[in-house]
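Chain by chain, the residues run as shown.
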Amino acid sequence: QVQLVESGGGLVQAGGSLRLSCAASGRAFSPYAMAWFRQVPGKEREIVAAISWKGGNTYYRDSVKGRFTISRDNAENTVNLQMNSLKPEDTAVYYCATKPNWGGLRGGYDSWGQGTQVTVSS
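The model shown is predicted, which means the values in this text are computed figures rather than measured ones.

Draft legend 1. Molecular detail of the environment of T69. Here T69 is to be found in strand β7 (residues 68-73). Assessed through its relative accessible area of 45%, T69 is described here as partly exposed. The residues contacting T69, other than those within four sequence positions of it, are Y60, N80, L81 and Q82.

Spelled out as structure tokens, the structure:
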């Protein structure tokens, strides 16, 4: 039932930064975890970062630790992904996802955004 609207994707040079944003509706009054995934054609979708309802728990895949930061503003029902020191390997379609705020952060997501393209040039 949740709807997700993403923004912030684009083209950036290696070493640059982008900030992705996702606005959620439909779960505004229910606890839910949120996450960012990414996918390259021909490869499986992979989780990038995730955050619990109150922000107390976060998860980052090893390849983005120290470079990406996930945050959320529940008053505005948004989740953000600040991406710094971008590398060509970060090029992918990035998806926002949500799930009920139960269980682990790495799986069980049941609602997805439309995806936003991030391209990092070398």
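Draft legend 2. Representation of the state of the cysteines within the structure. Applying the stated criterion across every chain yields a total of one disulfide. The disulfide partner of C22 is C96, and the gap between their sulfur atoms is 2.2 Å. Because the torsion about its S-S bond is -85 degrees, the bridge between C22 and C96 counts as left-handed. With C22 in strand β3 (residues 18-25) and C96 in strand β9 (residues 92-100), the pair connects residues that are 74 residues apart, well separated along the chain. For the pair C22 and C96, a shared accessibility class is recorded, and that class is buried.

Draft legend 3. Broad picture of the environment of L81. Within the secondary structure layout, L81 lies in strand β8 (residues 78-83). C-alpha of L81 to C-alpha of A35: the two residues are 46 residues apart in sequence and 9.1 Å apart in space.

Draft legend 4. Representation of the side chain of T116. Mapped onto the secondary structure, T116 falls in strand β11 (residues 116-121). Reaching out from T116, the side chain makes a polar contact with the backbone nitrogen of G9 at a distance of 3.4 Å. With sequence-adjacent residues up to four places away left out, T116 is seen in contact with E6, G9, L20, A92, V93 and Y94.

Draft legend 5. Expanded view of the packing of aromatic side chains. This model, assessed by the stated rule, comprises three aromatic pairs. With 4.8 Å between their ring centres and 65 degrees between their planes, F37 and W112 make a pair best called edge-to-face. Residue F37 is found in strand β4 (residues 32-39), and its partner W112 is found in strand β10 (residues 111-112); the two are separated by 75 residues along the sequence. Connected via pairs of aromatic rings, a cluster forms that spans F37, Y109 and W112. When the ring centre of Y95 is taken as origin, the NZ or CZ atom of R45, which lies over that ring, is 3.8 Å away. Above the ring of Y109, the side-chain terminus of K99 is found at 5.7 Å from the ring centroid.

Draft legend 6. Focus on the pattern of salt bridges. In the structure shown here, the tally under the stated rule is five salt bridges. Two residues, R38 and E46, come together in a salt bridge whose shortest N-O distance is 2.9 Å. Within the structure, one salt-bridge network assembled from shared partners comprises R38, E46, R61, R67 and D90.

Draft legend 7. Layout of the environment of D90. When you line up the elements, D90 lands in the loop between β8 and β9. For D90, a relative accessible area of 2% corresponds to the buried category. Considering only alpha carbons, one finds D90 and S63, 27 residues apart in sequence, at a separation of 9.2 Å. When near neighbours in sequence (up to four residues on either side) are disregarded, D90 contacts R38, R67, F68, V118 and V120. Polar side-chain contacts of D90 include one of 3.0 Å to the side chain of R38.

What counts as what
Residues numbered from 1 in each chain as written. Predicted model: local features only at pLDDT ≥ 70, side-chain atom pairs only at ≥ 80, totals over all residues. Heavy atoms only, no water. Helix = DSSP H or I, 4+ residues; strand = E, 2+ residues; numbered from the N terminus. Buried < 20%, exposed > 50% of the residue type's maximum accessible area, 1.4 Å probe, protein only. Contact = heavy atoms within 4.5 Å. Disulfide = S-S within 2.5 Å. Polar contact = N/O pair within 3.5 Å; in protein donor to acceptor, adjacent residues only side chain to side chain. Phe/Tyr/Trp six-rings, centres within 6.5 Å; stacked < 30°, edge-to-face > 60°. Lys NZ or Arg CZ within 6 Å of the ring centre and 35° of its normal. Salt bridge = Lys/Arg side-chain N within 4 Å of Asp/Glu carboxyl O.

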